There are 2 protein chains.
Amino acid sequence: MSTRAKRDASLTDYARPSVAVDTAVLTVRDGALCVGLLTDERTRRRRLPGTFLHEGEVLADAVRRSLREKAGIRDVEPAQLHVFDAVDRDSRGWVLSVAHMAVVRANALGTLDALPVPDAVGLDFDHDAIVAFAVERVRADYADRADPSGLLDEPFTIRSLREVHEAVLGHRLQPDTFRRRVLPQLDEVGAVRRGGVGKPASLFARRPSTRSS
Amino acid sequence: MSTRAKRDASLTDYARPSVAVDTAVLTVRDGALCVGLLTDERTRRRRLPGTFLHEGEVLADAVRRSLREKAGIRDVEPAQLHVFDAVDRDSRGWVLSVAHMAVVRANALGTLDALPVPDAVGLDFDHDAIVAFAVERVRADYADRADPSGLLDEPFTIRSLREVHEAVLGHRLQPDTFRRRVLPQLDEVGAVRRGGVGKPASLFARRPSTRSS
DNA sequence: GCGGGTTTGCTCACTCTTGATCTAACTCGT
DNA sequence: ACGAGTTAGATCAAGAGTGAGCAAACCCGC
């Protein structure tokens, strides 16, 4: 086919893959980073929620639809991770999966089962790899910004903020170093927490510019 | 359609988009970060090289095929950037584009025209956005690692390494601060450059662990 | 051969960051 | 009411990083 003929060719002249979206929904529970999983009824294997892209739908809408329909999850801001394109990744045929991630509060996981990330192995398809991408991404997001995904109710204390960061990052943080790093990103609410043991802590909220875009 | 019926459904029960790949090929020339562009013969608008995905092909192979066929570029390691999925992004129909980037030496751009990144505006489709993604990515790659994409012949001097980094990052670097940061990633070759004005500089090669994976 | 100019790479003073320690402010049990 | 224990937040000493300036090592013109 000549260059001109190729350009004028109909889109249907080329075979097209099916396009799916799969989403690693992450949360923090019991001080640990967890991922939400479904169990396939037939194979009993665990996997991430996903769906095929419908005609005329953008990827983020497909993600939202799949999380709502498969898990009862609403109000998520998914982020693209990577396209998984192994030609044999799905036994039904040629399927590309655009992997996404979303971070939600533990009480917003709907019907997904929360598994600590180290336990989320042996998933169907290439979902282990998708989880790994998502974990790397959320850890990068939390490295320098104060709770970018809004896992904490506001206002919060520096200690509870640090504990969320330690859960996401998977390692301990030096309290005062952490405090000095996040203070510029926070507004002191002016009240002081009472009811716990020890010196009452100041309460903070995130400044608007640190909220996840 | 019941859940069981949906699972057993053929892939062709869902409409599928065309999937394209578009690639921002970046290089450094005359001390500036540049992107390689084609000019559309019909519309005269500039754009990135791209192609539709062929049946059974993985994305990286499609990228390589398109760069070879459209620009005579070989031996590239493309990296995925983002999927562009606006339903009206292409007048021919529903097309998703998986944007990629590749970094090559200036003499490997084939028939692409090299434009300094600030001049690469008003491109067709959403290619301006693709270039912006690619620039952000290459700048992140070059922030802490010594010439990860191998733009320099080896061995090289610290000064020429710094000049490449300044071209990619788009700002000046303090010579000695830069030197101390990269030295742990380099092996001194043991020779000294001669023929230039000034004290002869030592020659270096990158340690294998800093090469781009 | 020497002086001027340029470049490399080292030195040093200063600034910034870190983390342990200390003081302050609370709760709880006696 | 007070002491013990815990937590928050400030302080300070030590270490790390930065960048200007300097000495060394070249090339080039005279």
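Look a little higher up for the structure.
As a starting point, this report considers the structure included with it. Keep in mind it's a predicted model, so treat the numbers as computed, not measured. (Residues numbered from 1 in each chain as written. Chains lettered and ligands numbered in written order. Predicted model: local features only at pLDDT ≥ 70, side-chain atom pairs only at ≥ 80, totals over all residues. Heavy atoms only, no water.)

### Some details on the relation of the copies chain A and chain B
A rotation about some axis, followed by a shift along it, carries one copy of the chain onto the other.
Here comes step 1: Screw-axis analysis of chain A against chain B gives a translation of 0.1 Å along the axis, an RMSD of 0.0 Å, and a rotation angle of 180 degrees. The two molecules are tied by a two-fold rotation axis, judged by turn and shift. When each C-alpha of chain A is compared by its distance to the rotation axis, Arg-16 of chain A comes out closest, at 3.2 Å.
Here comes step 2: Mapped onto chain B, 100% of the interface residues of chain A again fall at the interface, so both copies present the same surface. (Least-squares fit on C-alpha atoms with pLDDT ≥ 70 in both. Contact = heavy atoms within 4.5 Å.)

### Some words on the packing of helix α4 (residues 158–169) of chain A against helix α5 (residues 175–182) of chain A
Residues and elements named next belong to chain A.
Here comes step 1: Two elements in contact, α4 and α5, have axes whose closest approach is 10 Å; the angle formed by their N-to-C orientations is 100 degrees. Our classification of the angle between α4 and α5 gives roughly perpendicular. Across the interface between the two elements, Ile-158, Leu-161, Arg-162 and His-165 of α4 pack against Pro-175, Phe-178, Arg-179 and Val-182 of α5.
Here comes step 2: For the contact of α4 with α5, the per-class residue count stands at 5 nonpolar, 1 polar and 2 charged. (Axes fitted to C-alpha atoms, helices over the stretch in contact; angles between N-to-C directions. Helix = DSSP H or I, 4+ residues; strand = E, 2+ residues; numbered from the N terminus. Parallel < 35°, antiparallel > 145°, perpendicular 65-115°, else oblique. Nonpolar A, V, L, I, M, F, W, Y, C, P; charged D, E, K, R; others polar.)

### Some remarks on the interface of chain A and chain B
Here comes step 1: Listed by partner, the interface residues are 29 residues for chain A and 29 residues for chain B.
Here comes step 2: Between chain A and chain B the total buried area reaches about 3000 Å² when both faces are included, carbon and sulfur atoms providing 63% of it.
Here comes step 3: The interface formed by chain A and chain B holds 0 salt bridges in total.
Here comes step 4: Summed over the shared surface of chain A and chain B, the result is 7 residue pairs in polar contact (both at pLDDT 80 or more).
Here comes step 5: Going through the elements one at a time, β1 (18–29), α2 (59–71), β5 (79–84) and β6 (95–103) of chain A are the ones with two or more residues in the side of chain A that touches chain B.
Here comes step 6: Within the side of chain A that touches chain B, the residues separate by chemical class into 16 nonpolar, 6 polar and 7 charged. (Buried area = accessible area lost by both parts, 1.4 Å probe. Salt bridge = Lys/Arg side-chain N within 4 Å of Asp/Glu carboxyl O. Polar contact = N/O pair within 3.5 Å; in protein donor to acceptor, adjacent residues only side chain to side chain.)

### Concerning the protein's contact with DNA strand C
Here comes step 1: Near DNA strand C you find 20 residues, and of these Arg-180 of chain A together with Arg-179, Gly-198, Lys-199 and Ser-202 of chain B are the closest.
Here comes step 2: Taking the atoms of DNA strand C that fall within 4 Å of the protein, sugar and phosphate contribute 66% of them.
Here comes step 3: Taken together, the elements giving at least two residues each to the surface near DNA strand C come down to α5 of chain A together with α5 (175–182) of chain B.
Here comes step 4: Within the surface near DNA strand C, the residues separate by chemical class into 5 nonpolar, 6 polar and 9 charged. (Near = heavy atom within 4 Å.)

### Notes on unusual backbone geometry
Generally, phi is negative for residues other than glycine and the peptide bonds are trans, each holding for most cases.
Here comes step 1: For the bond from Glu-154 of chain A to Pro-155 of chain A, the omega torsion is 0 degrees, close enough to zero to count as cis.
Here comes step 2: Among the secondary structure elements, Pro-155 of chain A is positioned in the loop between α3 (127–144) and α4.
Here comes step 3: One non-glycine residue, Asp-30 of chain B, lies in positive phi territory at about 55 degrees.
Here comes step 4: Here Asp-75 of chain B, not a glycine, exhibits a phi torsion of approximately 60 degrees, which is positive.
Here comes step 5: As for its position among the elements, Asp-75 of chain B is in the loop between α2 (59–71) and β5 (79–84).
Here comes step 6: Judged by its relative accessible area of 82%, Asp-75 of chain B falls in the exposed class. (Buried < 20%, exposed > 50% of the residue type's maximum accessible area, 1.4 Å probe, protein only.)

So, to be careful, I would describe these as geometric facts and stop short of saying anything about function.
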